[in-house]
Amino acid sequence: MRRSMTDDAAPNPALPVFGTELSGRHRYRLMKRLGKGAFGSVFLARCLDAPGEDAEGGIPEAVAVKILSHGAAADRTQLLRRELSALLALRNDRIPTLYDWRLDGAHPFDAIQHYPAGDLRELLASETAVDEATVWRLL
């Protein structure tokens, strides 16, 4: 039986992997790791509570989920809190929408808007000229 990240059992020290289910206000299933850094990892995730394609508003089915590294120090959790505050306070087409978060438990995370067009490394490897709109999207 798969345990969700909200169970009261001792936290699993390993970073979540494909198929892991996380819960905040919504439930998410991790599909693919998009990147990893000192802060943690970013995954493409499927929101299991997303409305159908015909529904308006709400959370989309595909989101990016940033998960803090296991054993993230209190200062990293504080940085995530500041990031969440900024995302909640700012509204702009060039800033990802924050949908959900969870700061307690084994793996603090946030769920934000996913931009499926790729990353800067892929773009630089495939194109020579980049238009201004693309630069802003990547920033």
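Residues numbered from 1 in each chain as written. Predicted model: local features only at pLDDT ≥ 70, side-chain atom pairs only at ≥ 80, totals over all residues. Heavy atoms only, no water.

Describing the pattern of salt bridges
Part 1 of the reasoning: Tallied over the full model, the rule gives 6 salt bridges.
Part 2 of the reasoning: Across the pair E21 and R29 runs a salt bridge, and its minimum N-O distance is 3.1 Å.
Part 3 of the reasoning: Given a relative accessible area of 28%, R29 falls into the partly exposed group.
Part 4 of the reasoning: Salt-bridge contacts for D104 lead to R102; the nearest nitrogen and oxygen are separated by 2.7 Å.
Part 5 of the reasoning: According to the relative accessible area criterion, D104 is partly exposed, its value standing at 46%.
Part 6 of the reasoning: Salt bridges sharing common partners tie together E21, R27, R29 and D49. (Salt bridge = Lys/Arg side-chain N within 4 Å of Asp/Glu carboxyl O. Buried < 20%, exposed > 50% of the residue type's maximum accessible area, 1.4 Å probe, protein only.)

Side note on the sheet that holds strand β6 (residues 109-113)
Part 1 of the reasoning: Overall, antiparallel pairing links the 6 strands, which are arranged β1-β2-β3-β4-β6-β5 in an open sheet. What marks the edges here is a single partner per strand, and that holds for β1 (21-23) and β5 (98-102). In this sheet, adjacent strand axes meet at a mean angle of 35 degrees when their direction is disregarded.
Part 2 of the reasoning: Where strand β4 (residues 62-68) meets β6, 5 bridges bridge the pair, whose relative direction is antiparallel. Residue pairing across strands places I67 opposite F109, the latter belonging to β6. (Pairing = 2+ DSSP bridges. Helix = DSSP H or I, 4+ residues; strand = E, 2+ residues; numbered from the N terminus. Axes fitted to C-alpha atoms, helices over the stretch in contact; angles between N-to-C directions.)

Digging into the environment of V42
Part 1 of the reasoning: As for its position among the elements, V42 is in strand β3 (residues 40-47).
Part 2 of the reasoning: Spatially, the C-alpha atom of V42 lies 8.9 Å from that of L68, the residues being 26 residues apart in sequence.
Part 3 of the reasoning: Once residues lying within four places of it in the same chain are set aside, the contact partners of V42 are K32, R33, L34, G35, A64, V65 and K66. (Contact = heavy atoms within 4.5 Å.)

A closer look at the nonpolar core
Part 1 of the reasoning: By size, the foremost hydrophobic cluster in this structure holds 13 residues, and its most contacted members are Y28, L30, V63, V65 and I67.
Part 2 of the reasoning: Excluding anything up to four places from it in sequence, V65 contacts L22, Y28, L30, S41, V42, F43, A45, F109, D110 and A111.
Part 3 of the reasoning: Judged by nonpolar contacts, the second largest core, of 8 residues, contains A64, L80, L84 and L103. (Core = buried A, V, L, I, M, F, W, Y, C linked by side-chain atoms within 4.5 Å.)

Regarding the pairing of strand β2 (residues 27-36)
Part 1 of the reasoning: With 3 bridges joining them, β1 and β2 adopt antiparallel strand pairing. Bridged to E21 within β2 is R29.
Part 2 of the reasoning: The hairpin formed by β1 and β2 contains 3 residues between the paired strands.
Part 3 of the reasoning: Pairing between β2 and β3: 7 bridges, direction antiparallel.

Let's talk about the pairing of β4
Part 1 of the reasoning: Most of β4 sits inside the fold, with 6 of its 7 residues counted as buried.
Part 2 of the reasoning: In the sheet, β3 pairs with β4 via 7 bridges, with the strands oriented antiparallel. Note that in β4 the partner of V42 across the bridge is K66.

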